[in-house]
Amino acid sequence: MATPQTLLLDLEGTLRTTEGLLLGADDALARLRADGHRLRFLTNTDSQATSALHAALRDTGLDIGADELFTPVTAAAVALAEEPDA
């Protein structure tokens, strides 16, 4: 078995499409987790709040923690929190 790593996974076109979850995506994530890997999910979706996107992903069957999802909204919040005059 390989050394557990943090894996960055794109959502759109990799794990899901506009039609839904790609076949086997949930099983692949379960196997990666079972192998000890930490997963982080990336998307360029900025038309939804991160919490709404997270809920929608969970509704499709993806077992994703809210702290594992990184969106442009997340990036903006982090950047603004680091800038006291923002």
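Notes on the structure in this doc start here.

Calculation rules
Residues numbered from 1 in each chain as written. Predicted model: local features only at pLDDT ≥ 70, side-chain atom pairs only at ≥ 80, totals over all residues. Heavy atoms only, no water. Core = buried A, V, L, I, M, F, W, Y, C linked by side-chain atoms within 4.5 Å. Buried < 20%, exposed > 50% of the residue type's maximum accessible area, 1.4 Å probe, protein only. Contact = heavy atoms within 4.5 Å. Helix = DSSP H or I, 4+ residues; strand = E, 2+ residues; numbered from the N terminus. Salt bridge = Lys/Arg side-chain N within 4 Å of Asp/Glu carboxyl O. Pairing = 2+ DSSP bridges. Axes fitted to C-alpha atoms, helices over the stretch in contact; angles between N-to-C directions.

**Quick look at the nonpolar core**
Then step 1. Residues Leu 9, Leu 11, Leu 15, Ala 25, Leu 29, Leu 39, Phe 41, Leu 53, Leu 57, Leu 62, Ile 64 and Leu 69 constitute the largest nonpolar core, which totals 12 residues.
Then step 2. Not counting residues within four places of it along the chain, the set of residues in contact with Leu 69 comprises Leu 11, Phe 41, Thr 43, Thr 50, Leu 53, His 54, Leu 57 and Thr 74.

**Comments concerning the environment of Gly 24**
Then step 1. Turning to its location among the elements, Gly 24 is positioned in the loop between strand E3 (20-21) and helix H1 (25-34).
Then step 2. Separated by 38 residues in sequence, Gly 24 and Leu 62 have C-alpha atoms that sit 11 Å apart.

**What about the environment of Thr 50?**
Then step 1. Following the sequence through the fold, Thr 50 ends up in helix H2 (residues 50-59).
Then step 2. Judged by relative accessible area, which is 18%, Thr 50 ranks as buried.
Then step 3. Along the primary structure Thr 50 and Leu 69 are separated by 19 residues, whereas in three dimensions their C-alpha atoms are 7.8 Å apart.
Then step 4. Look past the residues within four positions of Thr 50 in its chain and what remains in contact with it is Leu 69, Thr 71, Val 73 and Thr 74.

**Quick look at the pattern of salt bridges**
Then step 1. Counted according to the given criterion, the structure contains 4 salt bridges.
Then step 2. In this structure, the salt-bridge partner of Arg 16 is Glu 12, at a minimum N-O distance of 2.6 Å.
Then step 3. Taking the relative accessible area as the measure of exposure, Glu 12 reaches 29% and is therefore partly exposed.
Then step 4. Glu 68 is paired through a salt bridge with Arg 40; the nearest N and O atoms lie 4.0 Å apart. Here Glu 68, found in the loop between H2 and strand E5 (69-70), pairs with Arg 40, found in strand E4 (residues 38-42); they are 28 residues apart in sequence, far enough to count as distant.
Then step 5. By relative accessible area, which is 11% here, Glu 68 ends up buried.
Then step 6. Shared partners join several salt bridges into a network, and the residues in it are Arg 33, Arg 40 and Glu 68.

**Re the sheet that holds E4**
Then step 1. Read across the open sheet, the 3 strands follow the order E1-E4-E5; overall the sheet is parallel. Two strands bound the open sheet, and with one partner strand each, they are strand E1 (6-10) and E5.
Then step 2. Sheet topology places E1 next to E4; 5 bridges connect them, and they run parallel. Across the sheet, the residue bridging to Leu 7 is Leu 39, located in E4.
Then step 3. Set on the sheet, H1 makes contact with E1 and E4; between it and E4 the angle comes to about 140°.

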